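Observations on the three-dimensional arrangement
So the chains spell out like this:
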Amino acid sequence: MSLINISGLKKEDFQAKVHGKQTDLFILKNNQGCEVGITNYGGSLVSIMVPDRNGKMANVIQGHDNIQDVINSPEPFLSTLIGRYGNRICKGKFTLEGKEYSLAINNGPNSLHGGPTGCHARVWDAEQIDERTLSLHYTFADGEEGFPGKLEMNVIYKFTDENELIIEYKGNTDKTTIVNMTNHGFFSLAGIANPTPTIEKLQCWINADFFIPIDNTSIPTGEIKSVKGTPFDFTSVHEIGERIDADDEQTHNGAGYDHCFVLNKKEVGELSYAAKIYEPVSGRTMEVYTTEPGVQVYTDNWADGYQGQLGATFPRRSAICFEAQHFPDTPNRAYFPSAVLKPEETYTQTTIYKFGVDNK
């Protein structure tokens, strides 16, 4: 049994035949000695090895250390790709070109993250292009999980010498459909451990003057609300835990933060700064850049201490997610930026997670 990387994960533990397809572990390396580990089951991130302010490496992404645990995770969306529609669709119904579609209900009364067998639970075709680049491909069948159109989706993971994890999406459909891809990375900048430390002391800045309020089933109320005077104002730096349990209808409805922030954009589709977090003990930072109009910020409000990689455990609020995306329930909200993809169009998205250190 050979270690092939600094994370301690073993390639052979990720090799299996699932749904007739081969799964594996792929390692991306840069010239800083840092690494990203990805399995093609769900495109799941299983390691991101980056240094703290003293140069000590740690894994800052929550995941599992073998393919069976990835498949059977208590958190099915743990650091996976999400599609064809990330986030929630009210009651699993939407109308497109005059026809109503019904989706699986897998989150209270609603459809979540493309359904229970969305692309997070599928084996992607994988090709490692070079030491820093992994190409993944998945074909969503027409009618899969209730969505129209055969959708060909390509996702490329790149890991640069600047410790940027770049995720590029490109998709084409043969029939008008809706698409809202994202990556559901559960980031723990302190480093995963037993137990993984809470994120409540993380310092956070989000480039968003507005957010999307939700009802008690996490569906948008329809309002696009200013963050000013609310626990959602991260236009200046605040600790995540400072207002997460505020006596506020929105933090009650999300059991903390589980909301889409409307990113400030000069133009539609520009690749721009979305957010930054700083972990004061380790000094690690992560910046988020995206072409998407929104980012869902989720503070891991439902974890119960389940086990992850190499003995690490994941208690409640031990991770934070920045899911770059279009807004929840967009197909039922004509005034939200459209998530419709037509056959003559190409779906594209670029999202970057850039890791660094701050010596303050």
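Residues numbered from 1 in each chain as written. Predicted model: local features only at pLDDT ≥ 70, side-chain atom pairs only at ≥ 80, totals over all residues. Heavy atoms only, no water.

With that out of the way, let us pick up the overall build of the protein. Assigned secondary structure in the protein consists of two helices and 30 strands. The C-alpha radius of gyration of the protein comes to 19 Å, within 12% of the 21 Å expected for a compact globule of 360 residues. The C-alpha extent of the protein, read off along each of the three principal axes, is 55 × 50 × 35 Å. Relative to all contacts within the protein whose residues are 6 or more apart in sequence, the contacts with residues 24 or more apart total 66%. Surface accessibility of the protein: about 13,800 Å² in total, with carbon and sulfur atoms responsible for 48%. Of the side-chain charges in the protein, 32 are positive and 47 negative, and the distance between the mean point of each set is 1 Å. (Helix = DSSP H or I, 4+ residues; strand = E, 2+ residues; numbered from the N terminus. Rg over C-alpha atoms; globule rule 2.2 N^0.38 Å. Contact = heavy atoms within 4.5 Å. Areas by Shrake-Rupley, 256 points an atom, 1.4 Å probe, with all protein chains shown as cover. Lys, Arg positive; Asp, Glu negative; His and termini not counted. Charge placed at Lys NZ, Arg CZ, Asp CG, Glu CD.)

For strand β23 (residues 272-278), the tally of buried residues reaches five of seven residues, placing the bulk of the element in the interior. Relative to β23, strand β18 (residues 203-206) runs antiparallel, the two sharing four bridges. Note that in β23 the partner of W205 across the bridge is K276. With six bridges joining them, β23 and strand β24 (residues 284-290) adopt antiparallel strand pairing. Bridging across to β24, Y273 finds its partner in Y289. Taken together, β23 and the strand that follows it, β24, pair antiparallel across an intervening segment of five residues, in which G283 is found at a positive phi of about 85 degrees. (Buried < 20%, exposed > 50% of the residue type's maximum accessible area, 1.4 Å probe, protein only. Pairing = 2+ DSSP bridges.)

This part covers empty space enclosed by the protein. Throughout the structure, instances matching the rule amount to two cavities of 30 Å³ or more. In this model, the largest cavity occupies a volume close to 60 Å³. Together, S44, L45, V46, G63, H64, V70, S73, E75, P76, L78 and T80 line the largest cavity. Looking at the lining of the largest cavity, its residues break down into five nonpolar, five polar and one charged. By volume, the second largest cavity amounts to about 50 Å³. For the second largest cavity, the full set of lining residues is S188, L189, A190, P197, T198, I199, K201, L202, E279 and S318. Across the lining of the second largest cavity, the residue classes tally to five nonpolar, three polar and two charged. (1 Å grid on protein atoms, 1.4 Å probe; cavity = no way out; pocket = protein on both sides within 12 Å on 5 of 7 lines; lining within 4 Å. Points joined across faces, edges and corners; volume = space filled by probe spheres on them. Nonpolar A, V, L, I, M, F, W, Y, C, P; charged D, E, K, R; others polar.)

In this section: the nonpolar core. Judged by nonpolar contacts, the single largest core of 56 residues is most densely connected at M153, Y157, F322 and F355. For this core, the leading source of residues is strand β14 (residues 151-159), giving five residues. When sequence neighbours within four positions are dropped, the list of residues in contact with M153 reads W124, L136, H137, Y138, F140, Y169, K170, G171, V179, M181 and Y347. Counting residues in each nonpolar core, the second largest holds 12 residues, with V18, I27, Y41 and V123 among its members. (Core = buried A, V, L, I, M, F, W, Y, C linked by side-chain atoms within 4.5 Å.)

Tallied over the entire structure, the rule returns zero disulfides. Sulfur of C260: no disulfide; nearest cysteine sulfur belongs to C321 and is 13 Å away. Assessed through its relative accessible area of 1%, C260 is described here as buried. (Disulfide = S-S within 2.5 Å.)

Here the largest pocket defines a volume of roughly 520 Å³. Around the largest pocket, the lining is made up of 28 residues, and of these E75, R88, N107, Y298 and W302 lie nearest the centre. Of all the secondary structure elements, the ones that give two or more residues to the lining of the largest pocket are α2 (249-254) and β25 (294-298). Split into classes, the residues belonging to the lining of the largest pocket amount to 11 nonpolar, 11 polar and six charged. Its volume calculated, the second largest pocket comes out at about 320 Å³. Along the wall of the second largest pocket there are 16 residues; nearest its centre are V268, G269, E292, P293 and P337. Residue composition of the lining of the second largest pocket, grouped by class: seven nonpolar, six polar and three charged.

Our focus in this paragraph is the environment of I244. Relative to the assigned elements, I244 resides in the loop between β21 (238-239) and α2. Residue classification places I244 among the buried positions, given a relative accessible area of 1%. Through-space distance from the C-alpha of I244 to that of T330 is 26 Å; in sequence the pair is 86 residues apart. Leaving out residues up to four positions away in the same chain, I244 has contacts with E200, T251, G256, Y257, T299, N301 and R317.

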